[in-house]
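# Residue-level structural notes
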Amino acid sequence: MGFFDGLRSGREADFDSGNAATNSIELTKRHSQVSLTKQGAATGHLRVNLAWRMRTSDVGGLQKESLLRHPFRALKPPEVLGHSQSMVNVDLDLGCLYELQDGTKGVVQPLGGYLGDANVAPYVKLSGDDRFGSASGETMYVNLDHRDAIKRLLVFVYIYDQTPAFDRTHAIVTLYPSNGPRIEIHLDERHPQARSCAVVMIENVKGELMVRREVRFVYGFQAELDRLYGWGLQWGRGYKTKAER
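The rules behind these values
- Sequence positions are assigned chain by chain, starting from 1 and proceeding in written order.
- Given that the model is predicted, a residue must reach a pLDDT of at least 70 before its local features are reported, and side-chain atom pairs must reach 80 or more before they are shown or counted; all residues, however, enter totals for whole chains, interfaces and linings.
- No hydrogens and no water enter the side-chain calculation; it runs on all heavy atoms of the structure.
- As used in this record, nonpolar core signifies buried Ala, Val, Leu, Ile, Met, Phe, Trp, Tyr and Cys residues forming a set joined through side-chain atoms within 4.5 Å.
- Under the scheme applied here, a residue whose accessible area is under 20% of the maximum for its type counts as buried, over 50% as exposed, and between as partly exposed, the area being computed with a 1.4 Å probe on protein chains only.
- The criterion used for residue contact is that any of the two residues' heavy atoms lie within 4.5 Å.
- Two rings from Phe, Tyr or Trp (for Trp, the six-membered ring) form a pair when their centres are within 6.5 Å of each other. A pair whose planes differ by under 30 degrees is stacked, one over 60 is edge-to-face, and the rest are tilted.
- Secondary structure elements follow DSSP: runs of H or I of four or more residues count as helices, runs of E of two or more count as strands, with numbering from the N terminus.
- Distance and angle both matter: a charge sits over a ring if NZ of Lys or CZ of Arg is within 6 Å of the ring centre and within 35 degrees of the ring normal.

On to the nonpolar core. Formed by 42 residues in total, the largest nonpolar core has its most connected members in Val157, Phe166, Leu175, Ile185 and Leu187. What Leu175 contacts, discounting residues up to four positions off in sequence, is Leu46, Arg47, Val48, Arg182, Ile183, Ile185, Val200, Ile202 and Val211. With 13 residues, the next largest nonpolar core counts Val107, Leu111, Met201 and Trp231 among its residues.

This part takes up the packing of aromatic side chains. One pair of aromatic rings is described through two measures. These are the centre distance and the angle between the planes. Using the criterion set out here, one finds two aromatic pairs in the structure. Taken together, a centroid distance of 5.9 Å and an interplanar angle of 35 degrees make the contact between Phe156 and Tyr158 tilted. The burial state of Phe156 is the same as that of Tyr158; both residues are buried. Ring geometry for Phe166 against Phe217: centres 5.2 Å apart, planes inclined by 80 degrees, an arrangement best described as edge-to-face. With Phe166 in the loop between β9 (150-159) and β10 (169-176) and Phe217 in strand β13 (residues 208-218), this residue pair connects regions lying 51 residues apart in the sequence. For Phe166, a relative accessible area of 1% gives the class buried. Overall, the relative accessible area of 14% leaves Phe217 in the buried class. Arg152 extends its terminal NZ or CZ atom over the ring of Trp231, reaching a point 3.7 Å from the ring centre.

Here's what the structure looks like:
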């Protein structure tokens, strides 16, 4: 069911204004897209944030098992237990496939150091790489003052290391426009073997900037996302340097 289906059912006010209590719009399968242009939010810097944490049941189970084997660990503060090796291995990365109106295509991601630029093409800038799912997470900026140069942006999340972990985390991608409510996309579907997820598409449709929920989990990496969305880039195996880690 699309955005306009929601309008026909008389939910325009609820959807356009977001949640009054939290000042947010959650994109779901039922209500999957919103217009930044109609929200008056198609200018300035759009901030895109990825944040995640371990599922509570997993953390509890890990701690209980750890305390049974090592009872003196109960004396350690919670934050020490929280950063066990199993949690450190959950390394979600934020990335973006971009296509500009002049046909230029590429990727912005931590892997390979393709951090982009907000002031010149591709007008997308990644601030850094968060390895531990901290409160600030990973953040990307899109300069919408150059929206006429942008054709489409696919924001995605992938797991760098060899451990599929979407099933062990609560992950959320939040878009913070320059005006109006934030836009939230929850990655809450259970796909234990998935390594990548296409989260949201930002597309220039006849001058109107549309944000559309995707949330498509795949078992491969960027090359598979490329194939699904027809980007046509060439991919090779990449590794993080110590600085990127």
